[in-house]
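So you can see what is in the structure, the chains are spelled out below.
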Amino acid sequence: MEHDLTGPDALARMDVLAEAWRETSDGRGTFLACYRLMTGSMISAVVERDFDDPAWVDLLLVRFAEYYFDALAAYEHDPSAAPAAWQLAHDSCRERRWELQRLLLGINAHINVDLPLTVEELLAPEWEGLSAAQREARRRDYLAVNGIIAATVDAVQDTVLEPAVPILALADVLLGPAEEFLMSRMLEQWRESAWENAVALVEAPDAATRGAVVARMEADALAIARAILFTDGVASVVDLFHREDQ
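Only a predicted model underlies this, so the values are computations on that prediction, with no experimental measurement involved. (Residues numbered from 1 in each chain as written. Predicted model: local features only at pLDDT ≥ 70, side-chain atom pairs only at ≥ 80, totals over all residues. Heavy atoms only, no water.)

Engineer: Please give an account of the overall build of the protein chain that cites residues and values.
Structural biologist: Counting its regular elements, the protein chain contains nine helices and zero strands. Secondary structure elements of the protein chain, listed N to C terminal, follow the sequence α-α-α-α-α-α-α-α-α. Burial statistics for the protein chain: of 246 residues in total, 49% are counted as buried. Contacts in the protein chain between residues at least 24 apart in sequence constitute 72% of all its contacts with a sequence separation of at least 6. Within the structure as shown, the protein chain displays about 11,900 Å² of accessible surface, and the carbon and sulfur contribution to it stands at 57%. (Helix = DSSP H or I, 4+ residues; strand = E, 2+ residues; numbered from the N terminus. Buried < 20%, exposed > 50% of the residue type's maximum accessible area, 1.4 Å probe, protein only. Contact = heavy atoms within 4.5 Å. Areas by Shrake-Rupley, 256 points an atom, 1.4 Å probe, with all protein chains shown as cover.)

Engineer: So what's going on with the nonpolar core? Residues and values would help.
Structural biologist: Side chains of a nonpolar character, in soluble globular proteins, are inclined to be buried together. Residues Tyr68, Trp86, Ile107, Val119 and Leu187 are the most contacted members of the largest nonpolar core, which totals 65 residues. Counting only elements with at least two residues in this core, the list comes to helix H1 (7–23), helix H2 (29–47), helix H3 (54–77), helix H4 (84–92), helix H5 (99–123), helix H6 (132–164), helix H8 (177–203) and helix H9 (207–228). If one sorts the elements of this core by residue count, H3 sits on top with 13 residues. Leaving out residues up to four positions away in the same chain, leucine 187 has contacts with Met38, Ile107, Ile111, Ile149 and Val153. Core analysis: the second largest hydrophobic core is formed by six residues, Tyr67, Leu201, Val213 and Val214 among them. (Core = buried A, V, L, I, M, F, W, Y, C linked by side-chain atoms within 4.5 Å.)

Engineer: Residue-level account of the pattern of salt bridges, with values.
Structural biologist: Per the counting criterion, the structure on display carries 12 salt bridges. In this structure, the salt-bridge partner of glutamate 188 is arginine 185, at a minimum N-O distance of 2.8 Å. Separated by three residues within a single helix, glutamate 188 and arginine 185 lie in helix H8, roughly one turn from each other. Here glutamate 188 falls in the partly exposed class, since its relative accessible area comes to 28%. Salt bridges sharing partners connect three or more residues here, namely Asp26, Arg28 and Glu76. (Salt bridge = Lys/Arg side-chain N within 4 Å of Asp/Glu carboxyl O.)

Engineer: Now, about the packing of H1 against H3: what can you tell me, with residues and values included?
Structural biologist: Interaxial distance between H1 and H3 falls to 9 Å at its minimum, and their mutual angle equals 30°. With respect to their mutual orientation, H1 and H3 come out roughly parallel. The handedness of the crossing between H1 and H3 comes out as left-handed. Contacts between H1 and H3 involve Gly7, Ala10, Arg13, Met14, Leu17 and Trp21 on the former and, on the latter, Asp58, Leu61, Val62, Ala65, Tyr68, Phe69 and Leu72. Counted by class, the contact of H1 with H3 contains 10 nonpolar, one polar and two charged residues. (Axes fitted to C-alpha atoms, helices over the stretch in contact; angles between N-to-C directions. Parallel < 35°, antiparallel > 145°, perpendicular 65-115°, else oblique. Left-handed = near helix turned anticlockwise from the far one by under 90°. Nonpolar A, V, L, I, M, F, W, Y, C, P; charged D, E, K, R; others polar.)

Given below as structure tokens:
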């Protein structure tokens, strides 16, 4: 499968964007700084061969990054051409929003929309030929990323969020590890749902069924975005931590 970037290429491209956005105080830099940290951690893990199939994980993170860049290019050309969850995420950076909301909106769009499509793209050509054990190995590598994300959450808070929102430093002191646990658990649940959606896409018997899965993914991502923005009231925020029940 051909792709334009390598892992280091993706990081370099993120660095160029991040520098440009720092100079213009573009709010999109909040998500990008988080994504850059996590992608760097994953590339290091691939180099250290912490996976059953490091080459597959490397391709996954590269294609995942390309989905981010593609959605960004679509938005900058015509906002309505970007996925709806990305429209909300990028629009939020032009509005008066908390940095945490901007970060979560970007993570939501990338994990709940881009990630299932990325995984589908990688699994589709090989799925029928994989044994049950090989399919489980793919899933095991995919879920191993959760540990890398969990280990990076504290660094994201310390280096990205707290400098922008100093009161979060107080929350970190008051809540301690509980705060990182909640964030890690939320992302873990979203990634588990993304895998399930990717398999549903791969196993869809026809285009109509696949289209229905995509529509449901996009609707769920928009529901999460509304919770992040408190559009449906503060009570809807519980949806951020209980997507597996839906």
